[in-house]
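Remarks on the overall topology
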Amino acid sequence: MDILSVVGLALAFVAIAAGQILEGGHLSSLLNGPAFAIVIGGTIGAVLLQTPLPILKRALRQSIWVFVPPNISLEQTIDKVMEWSNIARKEGLLGLENLTEGEPNPFAAKALQLLVDGSEPEDIRHALETELTAREDVAYQATQLFAGLGGYAPTIGIIGAVLGLIHVMENLADPSKLGPGIAAAFVATVYGVGLANLVCLPLANKLKSIVHQQSQLSELLIEGIIAIAQGENPRKVEARLRGFVQH
Amino acid sequence: MDILSVVGLALAFVAIAAGQILEGGHLSSLLNGPAFAIVIGGTIGAVLLQTPLPILKRALRQSIWVFVPPNISLEQTIDKVMEWSNIARKEGLLGLENLTEGEPNPFAAKALQLLVDGSEPEDIRHALETELTAREDVAYQATQLFAGLGGYAPTIGIIGAVLGLIHVMENLADPSKLGPGIAAAFVATVYGVGLANLVCLPLANKLKSIVHQQSQLSELLIEGIIAIAQGENPRKVEARLRGFVQH
Amino acid sequence: MDILSVVGLALAFVAIAAGQILEGGHLSSLLNGPAFAIVIGGTIGAVLLQTPLPILKRALRQSIWVFVPPNISLEQTIDKVMEWSNIARKEGLLGLENLTEGEPNPFAAKALQLLVDGSEPEDIRHALETELTAREDVAYQATQLFAGLGGYAPTIGIIGAVLGLIHVMENLADPSKLGPGIAAAFVATVYGVGLANLVCLPLANKLKSIVHQQSQLSELLIEGIIAIAQGENPRKVEARLRGFVQH
Amino acid sequence: MDILSVVGLALAFVAIAAGQILEGGHLSSLLNGPAFAIVIGGTIGAVLLQTPLPILKRALRQSIWVFVPPNISLEQTIDKVMEWSNIARKEGLLGLENLTEGEPNPFAAKALQLLVDGSEPEDIRHALETELTAREDVAYQATQLFAGLGGYAPTIGIIGAVLGLIHVMENLADPSKLGPGIAAAFVATVYGVGLANLVCLPLANKLKSIVHQQSQLSELLIEGIIAIAQGENPRKVEARLRGFVQH
Amino acid sequence: MDILSVVGLALAFVAIAAGQILEGGHLSSLLNGPAFAIVIGGTIGAVLLQTPLPILKRALRQSIWVFVPPNISLEQTIDKVMEWSNIARKEGLLGLENLTEGEPNPFAAKALQLLVDGSEPEDIRHALETELTAREDVAYQATQLFAGLGGYAPTIGIIGAVLGLIHVMENLADPSKLGPGIAAAFVATVYGVGLANLVCLPLANKLKSIVHQQSQLSELLIEGIIAIAQGENPRKVEARLRGFVQH
């Protein structure tokens, strides 16, 4: 559970609600059906138009990471690679064979398999880097879905506000409706800017950080697997991997 | 048929129309001939001025992909390369000769031809990468046409709105025309921002995704053709290509 | 003659004039001497301050390309290289000597000269790539002059509008002047945004496309000259160059 | 103590307070609880949502550098490397062993350790560059926390202002409250834009400069350690390092 | 003397003053002490907070280049390198020794010294490229000081304007002060946008151009020194350097 994500989201909404109430406003004046329809419908529409289906599916699956991040521990991965290195030293590369099945990280499983197959170090590196590039590519594209929502929401909030103002201007004859009309029009701006800056853009950035960490972990795995394939001793393997861990 | 494109475009326009009607406005107040002339004419004018003719033609041909995307299946392409690999193994590279003609993808056809001609692997790679770079270059430039429309439309919408406001300000003496005049002026903003954010920019991004997928498919083809040229066995060829497929 | 440039520029100005007239406004209300002085003077001043003299001269010479583009045909250049390749095959590299003088493209002339001088292929590549980098560098900097005009014009249009509004606000006592004053102030915005989006930015982008095409043509020439220097047969030279041509 | 940071921060706040007082305004009219809650709460919320916990901790630790920068002297580091080079020349690499413990810079300590261990120059370079890349990566991500605060603050200031204006518009019936209401609404904009431009963005840029200097110092260390490992004489080591120092 | 810088700066300010006077305004209404304090103090404060002291000093020294540019002539430098090449040919590399002292360009002096010392071509290249990278890095960072002033000025102009409007809104009871109050508030915007777009950003761009030209000159020097070190004949040295000169 990513506590920061929960706290951040809650803090932002509580702050805005508290500010609104402290100013003497009603939260109900921030509820506006037509503005909601325009901002949510328009933003989602724009993003559906621009996103290929496989990227959309991936983004939806990936979005859960904001609250339940995948297990990414460079330290644990170094321990695991050290264990493999020790097994390879004692039992040879074939000793790693029965670990492949149980490995939960598919990238690590593939790396182990290449090692067990006795591929040349350079072939292992080439295969794993092709795989890593393709993985990163899909994962970053999926984070772009949320960046896209965050990019379109404010401008579509402006469309909503301008539509509201057009409505007000056409009924300028009745001044008593002027204030509430402008107020209602402005709610679309709040929806658009808030959706983008309090939800979508931070969420896209958190997902990008996670994808970046996964890539680093994969790079550590490549480095470790190559070191084992080159027959380096476990202590040297560890020394090569320690550099990846920085706080 | 790209269902997401249709759904996205429809959702955005339905949402805005619904919002407008729920607010009590008329859709007819969003129709404004002069604003339409300024925004559409100005935006298209700016893009024609900046685009070379061959890129314009390519962009128009390419735009259909938003709704009818080209067939890009990495899996099917791996199967095809595997088939070629098996034929090359059994019948030699010349066995691939009669496949060249029937190959629908021109990049794959050229790759096959180079293979059949018995070129060196490094020459094949160089020739195919030159071709891929030139292809990507033209295809990305064509997607820029839509990004250009999306870039100019909002600022030209502002020109339209300011022209409308100038007109209103010059006739300030008659207050009854003030409201409708401002309302009409604002319609140009809706056209500009809407055209950009609900149509042109998402469309440019969808096309960029498709061009990106085509490039990946071409890279997979290069990798596969090189593996065949190096005489690798079909199982190893497949292993090298599987890394490209990620969901 | 680049028809698209003429049509694009004409379309944009006709659209805005037509919109203004359809709305019932007068074109004369878009003419405003002080606004013109501020926007044009301020924008040109900012660009003169930022541009070194040789880049300014180059940009002025280069600007004609928007309407009369240089002759850039990859196909014709391939034909020319093929001809050189055939001559080199029949008469040796010295057979190319009398072509150097008549060659209109100075980059091609230099490439031919290096070939005739009997330089090593790697030295030819190094010399031509240094030359190409320096050429591209100057040519792109010159396109930046127009991008600079397009970047400053809208903000200086805002300065003009704010100066106009300051003037209006200082004379708020006479309400009959309020409307026309605001109208006049807004004209500066139209000048700034229009100059940028209908003229300068599209023009900068067209010039960048042309410079990009010239670079591609130079890269094709380098590839072809190297192939001739390596003594490849004309059919192989052509195969290496065909990949550059994509529509 | 970084005097420029203190002077810069003080100057900006004094200038704004002085401007406000010179104009005849009260500083108290810039104090507004609800606006403060919205801008600070919303901005911090957005940044917590987007930042992984280890990066947050690192950013907090790193923020002290704005006022108490770490000791980064290229000249002193060259002197230190020269000393190592002289020791290595006289006593061999093992003579450096007892320096490793006392070395305050952990990167330099690791570099020394690799030297003492007798690793090959290329292995030292590979290990130190992996370490440097990972260090830079974490340090730059931490500076992004402040860039993130600076990015969200103005837009959340706009949310605060629009919420205030909605409140004003809903109470348009009482004109005496109009002015103070709008004034209060605008305070949120001042908070957002000021927080970003007077504090967060300059602070992020100062931190980026410091991280950049640290990286240069690490690159100098790598270059020096490699030169010692290659057995170059101290005068040549110094010549290779002097190029890093520029004023 | 850089005439374009003087003309550009003068043209911009004359244009704005002329526009203001033509519109019937007084230049005195553009003078506003509080706005000046806020915009200048806030902008300089933000930049001091973000800039390390050595970069600040360098930027101040470098700013003179806008009006008195350093002597950067590729042609003269080629002539100088040719002279060195001829001396090296006749008298050997040691013949260059007494030129080192008198060489005004410190980068050229260092290059000559390396040549006289008899370093290997690859060592000379490595040493000079390290030096060039460090030089460019410091010089570009210094240009960023002016880009920073240009980036903060408009947003701090907005802070000044909003502070002015807050003051106006709090005194809405007296309508006669409304106009002049808003006018005064707007002056801060003119200061911010004008300072950025008419002074700081163009100045930053001019400095970047000069730094870029210096880098090109240094690259030409590296190329020439390497050619001399490799013992190439003067005519070939010149041929390698001519490619750098493009108009």
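One can find the structure itself at the top, above this paragraph.
Note that this is a predicted model, so its numbers are computed, not measured. (Residues numbered from 1 in each chain as written. Chains lettered and ligands numbered in written order. Predicted model: local features only at pLDDT ≥ 70, side-chain atom pairs only at ≥ 80, totals over all residues. Heavy atoms only, no water.)

So, on to the overall build of chain A. The number of helices and strands found in chain A is nine helices and zero strands. Going from N to C terminus, chain A has its helices and strands arranged as α-α-α-α-α-α-α-α-α. Against the compact-globule benchmark of 18 Å for 247 residues, chain A has a radius of gyration of 26 Å, which places it well outside the compact range. In terms of overall dimensions, chain A has a C-alpha envelope of 90 × 35 × 25 Å along the principal axes. Looking at chain A residue by residue over its 247 residues, the buried ones come to 56%. A fraction of 78% describes how many contacts in chain A between residues 6 or more apart in sequence connect residues 24 or more apart. Just so you have it, chain A exposes about 10,200 Å², and 62% of that area is on carbon and sulfur atoms. Placing the 16 positive and 23 negative side-chain charges of chain A at their respective mean positions leaves the two points 2 Å apart. (Helix = DSSP H or I, 4+ residues; strand = E, 2+ residues; numbered from the N terminus. Rg over C-alpha atoms; globule rule 2.2 N^0.38 Å. Buried < 20%, exposed > 50% of the residue type's maximum accessible area, 1.4 Å probe, protein only. Contact = heavy atoms within 4.5 Å. Areas by Shrake-Rupley, 256 points an atom, 1.4 Å probe, with all protein chains shown as cover. Lys, Arg positive; Asp, Glu negative; His and termini not counted. Charge placed at Lys NZ, Arg CZ, Asp CG, Glu CD.)

The next point concerns the packing of helix α7 (residues 121–170) of chain C against helix α8 (residues 178–229) of chain C. Two quantities define a packed helix pair, namely the angle between the helix axes and the distance between the axes. Residue and element names in this part refer to chain C. Where α7 contacts α8, the two axes come as close as 7 Å, and the packing angle between them is 175°. With respect to α8, the element α7 is oriented roughly antiparallel. Here the contact of α7 with α8 is composed, by residue class, of 31 nonpolar, 13 polar and six charged. (Axes fitted to C-alpha atoms, helices over the stretch in contact; angles between N-to-C directions. Parallel < 35°, antiparallel > 145°, perpendicular 65-115°, else oblique. Nonpolar A, V, L, I, M, F, W, Y, C, P; charged D, E, K, R; others polar.)

Moving on, we come to the relation of the copies chain B and chain A. In the superposition of chain B on chain A (RMSD 0.0 Å, axial shift 0.0 Å), the rotation amounts to 72°. Classification of the inter-copy transformation places it as that of a five-fold axis. (Least-squares fit on C-alpha atoms with pLDDT ≥ 70 in both.)

Moving on, we come to the pattern of salt bridges. Inspection of every chain in the model, using the stated rule, returns 45 salt bridges over all chains. Put simply, Arg 240 of chain A and Glu 232 of chain A hold a salt bridge, and the shortest N to O gap is 2.8 Å. Given a relative accessible area of 19%, Arg 240 of chain A falls into the buried group. Glu 131 of chain B serves as the salt-bridge partner of Arg 135 of chain B, at 3.5 Å between the closest nitrogen and oxygen. Taken as a pair, Arg 135 of chain B and Glu 131 of chain B lie in helix α7 (residues 121–170) at a separation of four residues, close to a single helical turn. Note on Glu 131 of chain B: relative accessible area 6%, which makes it buried. Each member of the salt-bridge network shares a partner with another, and the members are Lys 110, Glu 131 and Arg 135 of chain A. (Salt bridge = Lys/Arg side-chain N within 4 Å of Asp/Glu carboxyl O.)

In this section: the packing of aromatic side chains. Residue and element names in this part refer to chain C. As enumerated under the stated definition, the model contains five aromatic pairs over all chains in all. Ring geometry for Phe 36 versus Tyr 191: centroids 6.1 Å apart, planes at 85°, classification edge-to-face. Here Phe 36, found in helix α2 (residues 33–50), pairs with Tyr 191, found in helix α8; they are 155 residues apart in sequence, far enough to count as distant. By relative accessible area, which is 47% here, Phe 36 ends up partly exposed. (Phe/Tyr/Trp six-rings, centres within 6.5 Å; stacked < 30°, edge-to-face > 60°.)

Along its 20 residues, helix α1 (residues 3–22) of chain E runs 27 Å from first to last C-alpha, staying within 8% of the 28 Å computed at 1.5 Å per residue. Where α1 of chain E is concerned, the buried positions are Leu 4, Ser 5, Gly 8, Ala 12, Ala 15, Ile 16, Gly 19 and Gln 20 of chain E. What you see down the axis of α1 of chain E is that its buried residues fit within an arc of 135°, all on one side. Across from the buried face of α1 of chain E, at angles greater than 90 degrees, the exposed residues are Ile 3, Val 14, Ile 21 and Leu 22 of chain E. Against the buried residues of α1 of chain E lie α2, α3 (53–63) and α7 of chain C together with α8 (178–229) of chain E. Here α1 of chain E starts with a cap whose side-chain oxygen sits 3.2 Å from the backbone nitrogen of Leu 4 of chain E, and that cap is Asp 2 of chain E. Of the residues one or two after α1 of chain E, Gly 24 of chain E is the one with positive phi, at around 90°. (Expected span 1.5 Å × (residues − 1). Arc of directions from axis to C-beta. Polar contact = N/O pair within 3.5 Å; in protein donor to acceptor, adjacent residues only side chain to side chain.)

On to the interface of chain B and chain A, then. If you look at the interface, chain B gives 47 residues, while chain A gives 39 residues. Buried surface at the junction of chain B and chain A, summed over both partners, amounts to about 3,700 Å²; 70% is from carbon and sulfur atoms. Where chain B touches chain A, the interface holds zero salt bridges. For the side of chain B that touches chain A, the secondary structure elements donating two or more residues are α1 (3–22) and α8 (178–229) of chain B. Looking at the side of chain B that touches chain A, the element that brings in the most residues is α8 of chain B, giving 24 residues. (Buried area = accessible area lost by both parts, 1.4 Å probe.)

Regarding chain C and chain D, the two do not touch, and the least distance separating their C-alpha atoms is 17 Å. The two units chain A and chain E are non-contacting; their minimal C-alpha-C-alpha distance is 17 Å.

This part covers the interface of chain D and chain E. Contacts between the two partners involve 48 residues from chain D and, on the opposite side, 39 residues from chain E. Both sides of the chain D and chain E interface together cover about 3,700 Å² of buried area, and 69% of this is carbon and sulfur. In this assembly, chain D and chain E are joined by zero salt bridges. Looking at the side of chain D that touches chain E, the elements with two or more residues in it are α1 (3–22), α8 (178–229) and α9 (234–242) of chain D. It is α8 of chain D that contributes the most residues to the side of chain D that touches chain E, 24 residues altogether. Residues of the side of chain D that touches chain E, tallied by class, amount to 25 nonpolar, 19 polar and four charged.

All names here are of chain A. Inspection of the secondary structure puts Leu 93 in the loop between α4 (74–91) and α5 (97–102). Residue Leu 93 is classed as partly exposed on the basis of its relative accessible area, which comes to 28%. Ignoring sequence-local partners within four residues, the contact set of Leu 93 consists of Ala 88, Leu 115, Val 116 and Ile 228.

This next bit is on the nonpolar core. Counting 294 residues, the largest nonpolar core has Trp 84 of chain C together with Trp 84 of chain E as the members making the most contacts within it. In this view, Trp 84 of chain E contacts Leu 96, Leu 99, Glu 103, Ala 108, Leu 112, Leu 221, Ile 225 and Ile 228 of chain E; residues no more than four positions away in its chain are not counted. (Core = buried A, V, L, I, M, F, W, Y, C linked by side-chain atoms within 4.5 Å.)

Relative to the 74 Å expected for 50 residues at 1.5 Å per residue, α7 of chain C spans 73 Å between its end C-alpha atoms, a close match to the ideal helical length. Along its length, α7 of chain C reaches its greatest deviation from straightness, about 30°, at Ala 153 of chain C, and the proline Pro 154 of chain C lies no more than four positions downstream. (Bend = angle between axes of the 7 residues up to and from the residue.)

The next thing to look at is the packing of helix α2 (residues 33–50) of chain D against α8 of chain D. Residues and elements named next belong to chain D. Orientation of α2 relative to α8, taken along the N-to-C sense of each, is 35°, at an axis distance of 9 Å. Read as a crossing pair, α2 and α8 show a hand that is right-handed. Residues Ala 35, Phe 36, Val 39 and Ile 40 of α2 touch α8, and the partners they reach there are Val 187, Ala 188, Tyr 191, Gly 192 and Leu 195. Counted by class, the contact of α2 with α8 contains eight nonpolar, one polar and no charged residues. (Left-handed = near helix turned anticlockwise from the far one by under 90°.)

All right, on to a nonpolar patch on the surface then. Taken together, the side chains of Ile 44 of chain A together with Met 1, Ile 3, Val 6, Val 7, Leu 11, Ile 64 and Val 68 of chain B define a hydrophobic patch exposed on the protein surface, amounting to about 690 Å² of accessible area. At four residues, α1 of chain B tops the list of elements feeding residues into the nonpolar patch. When you line up the elements, Ile 44 of chain A lands in helix α2 (residues 33–50). We classify Ile 44 of chain A as partly exposed; its relative accessible area is 38%. (Patch = residues over 30% accessible without salt bridge, like charges linked within 9 Å, V, L, I, M, F, W, Y side chains within 5 Å.)

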